[in-house]
Amino acid sequence: MDDQGDVLLGEPPAFTHEAASALAQESFGLIGACTPLGSERDQGFLVIADTGPLGVLKISNADERAAILDMETRAALHVLTVDPALPVAPPLPLLGSDPVAYTTRISGPTGATHFVRASGFMPGRASIDANELDGDALFDHGVTIARLGRAMRSFFHASAGRTLLWDVQHASALRPMTDAIDDPTHRALVDAVLDRFESFVAPRWSQLRSQVIHGDVTLDNALVDEHGRISGIVDWGDMSHSALVCDLTSALESLLAGRDPGQVVPLALRFVDGYRSVTPLEPEELAVLPDLLTTRLVTVAVLFSWRAKRHPDNDYLRRWETTLWPLLTYLVDDGCERLRARLRVTETHVDDTGLTGRRGRAFGPALSPLTYDHPLHLVRGEGMWLFDADGERYLDCYNNVPVVGHGHPRVTDAIARQSRLLNTNMRYLYGAAVELAERLIASMPDGSELDTVLFVNSGSEANDTAWRLATVWTGAGGGLVTRYAYHGVTQAVADLSPEEWRGATRPAHVELFDPLHASRDGTTRVDAADSLRRPRTCARWPTGHMRSGPCTWPTRCRWGTVVAGSPSGRSPRWTWRPTSSRWASRWATGIRSRRW
């Protein structure tokens, strides 16, 4: 049996209320009556004075080790230093200890010795029914647990490497204990989950982020306020160095127990959304999260059943049964796959020919044709890579939509958070939109005079907006574009996109030109730019499109084409035509407010 097994085998302490009160006063200066708190293997007491609660006294199992208790104390102190706003119960020092000590050891009623500790009082209700918590409360639980994980990522203790049966990475070690489950149907369920863990989760374990984690922020170890938000984290007994994602599954086991099956997946997603609003989850973590949840439920079932056989008078060890088995059954039958599908959208392989036909019928003939003789059937992106339905990986050198890589967790999480909060137009005051505009303006080069933001939803809309600004300001309506250019799909910019004409007649207000090219035309870049700026007369342009007067031919650069108009003989007015949605979006986020 491992280290934690020794604790599980050990006899819990059996101190009376009076003895606990004396300990609290003598060791920690807490003067009041002691009320027992439920515990799996230790004894906990709430110390209450006439003026109200003072703190919590905890008497450990006789087989608990001093180094483990030191780790728990140091972790709480570390978290309070890193994130003081987290509702963590502060460890209380022993009276008169020099240097400061937080733990003492005493003899119990049976002659065994026990470590004794105390922590400050935290307000809130303990061990509530999960059904009292709505989706907003679960979101907040996710936020708090993510903050706790962040605060602990800089913490380490030599004892964190212990083998702890509550840590699901050791789930296979539970198999010899499953005979404590009497119901053969339930035992078969447990075996199926352990089989899945060994075949699917265990081979992926080394890919998961790991650190010292709390491992047990359940409704037994977290107090909640009147709104269901966490108001106190009061127990650190299941700490270990494990996968970070296990902090989520231990909490979810408690928060989903007793729920209607139809609520399980939506509420789990609300919790995960709260967590991801602070700490994005990696693809590998999302892939195994549903299985880690069922493994955690099996861990509870096995360990509590095993201990209940040895301590039949401990009601704490039996109260879980009515809520755990229905939840585990639902997850194994259907819920895990539902949750997995919602956590990370995937696409199963289908026949490419059939999908091409369906595409044509659903989208119609106006859509641009597929690229390549054998079209790529893409199902996901990750960073600079694209993956097809057969798992083949491609380096994306062409896509002009994502600018920070595919599936960037900070981007996708921000989109999800905002869509769940508010999605509306710009006719209303909204601080986040103003802040984003200000940040975009601040990122513009010094002296650029790019000081105004227009929000658009596509490159086509950005180009359309640019065209509207140019035609209204100049009073002209003619456009110069390079041959084979593409600027978008709105009516205005489709006319400026020869690629979209598809054999149709060139619009009367549009003129084409071939941009100078150094290797073809024998010009340097400086010569080409100078040539393009020479004044010419635009006699070929229809009246009213490019008005009379001098016109300067457009300057072509890597980002777009400058379109010129000279209204009523005045000096030329210039506007810039982006060549791609990427540069169009950049241009549209910083329009010069002054006259050009």
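Residues numbered from 1 in each chain as written. Predicted model: local features only at pLDDT ≥ 70, side-chain atom pairs only at ≥ 80, totals over all residues. Heavy atoms only, no water.

A. Representation of the environment of Glu 285 in the model. Turning to its location among the elements, Glu 285 is positioned in helix α8 (residues 283–310). When the C-alpha atoms of Glu 285 and Ala 243 are compared, they prove to be 8.9 Å apart, with 42 residues separating the residues in sequence. In this structure Glu 285 touches Leu 208, Arg 209 and Val 245, once residues within four positions along its chain are discounted. (Helix = DSSP H or I, 4+ residues; strand = E, 2+ residues; numbered from the N terminus. Contact = heavy atoms within 4.5 Å.)

B. Spotlight on the pattern of salt bridges. Using the criterion set out here, one finds 23 salt bridges in the structure. Between Arg 147 and Asp 83 there is a salt bridge, with the nearest N and O atoms lying 3.0 Å from each other. Taken together, the residues Arg 147 in helix α4 (residues 135–152) and Asp 83 in the loop between α3 (66–82) and β4 (104–107) connect sequence positions 64 residues apart. Its relative accessible area of 26% is what places Arg 147 among the partly exposed residues. Judged by its relative accessible area of 17%, Asp 83 falls in the buried class. With a closest N to O distance of 2.9 Å, Glu 132 and Arg 125 form a salt bridge. Residue classification places Arg 125 among the partly exposed positions, given a relative accessible area of 39%. What emerges from the salt-bridge pattern is a single network uniting Arg 175, Asp 191, Asp 195 and Glu 198. (Salt bridge = Lys/Arg side-chain N within 4 Å of Asp/Glu carboxyl O. Buried < 20%, exposed > 50% of the residue type's maximum accessible area, 1.4 Å probe, protein only.)

C. Quick peek at the pairing of strand β3 (residues 52–59). For β3, the tally of buried residues reaches six of eight residues, placing the bulk of the element in the interior. The sheet contact formed by strand β2 (residues 43–49) and β3 spans seven bridges and is antiparallel. Opposite Gly 44, over in β3, you have Lys 58 as the bridge partner. Counted along the chain from β2 to the antiparallel partner β3, the turn is two residues long. (Pairing = 2+ DSSP bridges.)

D. Region of the structure containing the side chain of Ser 60. Locating Ser 60 in the fold gives a position in the loop between β3 and α3. Here Arg 117 takes part through its side chain, which lies 3.4 Å from a polar atom of the side chain of Ser 60. Aside from chain neighbours lying at most four places away, what touches Ser 60 is Pro 13, Asp 42, Leu 69, His 114, Phe 115 and Arg 117. (Polar contact = N/O pair within 3.5 Å; in protein donor to acceptor, adjacent residues only side chain to side chain.)

E. Structural context of the nonpolar core. Among the nonpolar cores identified, the biggest contains 88 residues, and Trp 205, Trp 236, Phe 271, Leu 289, Leu 292 and Trp 325 are the most heavily contacted of them. Broken down by element, the residue count for this core peaks at 13 residues, all from α8. Those residues in contact with Leu 289 that sit more than four places away from it in its chain are Val 245, Leu 248, Thr 249, Leu 252, Val 272, Leu 281, Leu 339 and Leu 343. Among the nonpolar cores identified, the runner-up in size contains 16 residues, and Phe 15, Ala 24, Val 47 and Val 116 belong to it. (Core = buried A, V, L, I, M, F, W, Y, C linked by side-chain atoms within 4.5 Å.)

F. Quick look at the sheet that holds strand β10 (residues 378–382). Read across the sheet, three strands follow the order β10-β11-β12 without closing on themselves; strand pairing throughout is antiparallel. If you trace the sheet from one side to the other, it starts and ends with β10 and β12 (393–395), each paired once. Recorded for the sheet is a direction-independent mean angle of 30° between the axes of neighbouring strands. Sheet topology note: the strand β11 (residues 385–388)/β12 ladder contains three bridges and is antiparallel. The partner of Trp 385 across the bridge, within β12, is Leu 395. (Axes fitted to C-alpha atoms, helices over the stretch in contact; angles between N-to-C directions.)

G. Local environment of a positive patch on the surface. Side chains of Arg 150, Arg 153, Arg 410, Arg 417 and Arg 439 sit close together on the surface and give a patch of like positive charge. Considering the arrangement of structural elements, one finds Arg 417 in helix α11 (residues 409–421). The exposure class assigned to Arg 417 is partly exposed, which follows from its relative accessible area of 38%. (Patch = residues over 30% accessible without salt bridge, like charges linked within 9 Å, V, L, I, M, F, W, Y side chains within 5 Å. Areas by Shrake-Rupley, 256 points an atom, 1.4 Å probe, with all protein chains shown as cover. Lys, Arg positive; Asp, Glu negative; His and termini not counted. Charge placed at Lys NZ, Arg CZ, Asp CG, Glu CD.)

H. Region of the structure containing α3. Compared with an ideal rise of 1.5 Å per residue, which puts 17 residues at 24 Å, α3 spans 24 Å between its outermost C-alpha atoms and is within 8% of the ideal. Turning to α3, its buried residues number three or more, namely Ile 68, Leu 69, Met 71, Glu 72, Thr 73, Ala 75, Ala 76 and Val 79. Taken together, the buried residues of α3 touch β5 (113–120) and α4. (Expected span 1.5 Å × (residues − 1).)

I. View of empty space enclosed by the protein. As enumerated under the stated definition, the model contains two cavities of 30 Å³ or more in all. Reported here for the largest cavity is a volume of approximately 100 Å³. Put simply, the parts of the chain that give the lining of the largest cavity at least two residues each are β9 (240–243) and α6 (246–256). For the lining of the largest cavity, the element with the highest residue contribution is α6, accounting for three residues. (1 Å grid on protein atoms, 1.4 Å probe; cavity = no way out; pocket = protein on both sides within 12 Å on 5 of 7 lines; lining within 4 Å. Points joined across faces, edges and corners; volume = space filled by probe spheres on them.)

J. Just the sheet that holds β5, in detail. Ordered in space as β1-β2-β3-β5-β4, the five strands form an open sheet in which the pairing is antiparallel. The open sheet has two free edges, formed respectively by β1 (33–37) and β4, since each of these has just one partner strand. This sheet shows a mean twist of 35° between the axes of neighbouring strands, independent of strand direction.

K. Structural context of helix α13 (residues 459–474). Taking 1.5 Å of rise per residue, 16 residues should cover 22 Å, and α13 covers 22 Å from first to last C-alpha, within 8% of that figure. Turning to α13, its buried residues are Gly 459, Ser 460, Ala 462, Asn 463, Asp 464, Thr 465, Ala 466, Trp 467, Ala 470 and Thr 474. Taken from the residues just after α13, Gly 475 is the one with a positive phi, measuring 80°.

L. Molecular detail of a nonpolar patch on the surface. Together, Tyr 372, Leu 376, Leu 378 and Tyr 394 give the surface a local cluster of nonpolar side chains, amounting to about 360 Å² of exposed area. Among the secondary structure elements, Tyr 372 is positioned in the loop between α10 (352–363) and β10.

M. Quick look at the environment of Ile 106. Examined against the element boundaries, Ile 106 turns out to sit in strand β4. Residue class for Ile 106 comes out buried when judged on its relative accessible area of 17%. Sequence-wise, Ile 106 and Val 116 are 10 residues apart; in three dimensions their C-alpha atoms are separated by 7.4 Å. Beyond its immediate stretch of four places on either side in the chain, Ile 106 contacts Phe 15, Leu 23, Ala 112, Thr 113, His 114 and Val 116.

Any functional reading would require information that these geometric values do not contain.
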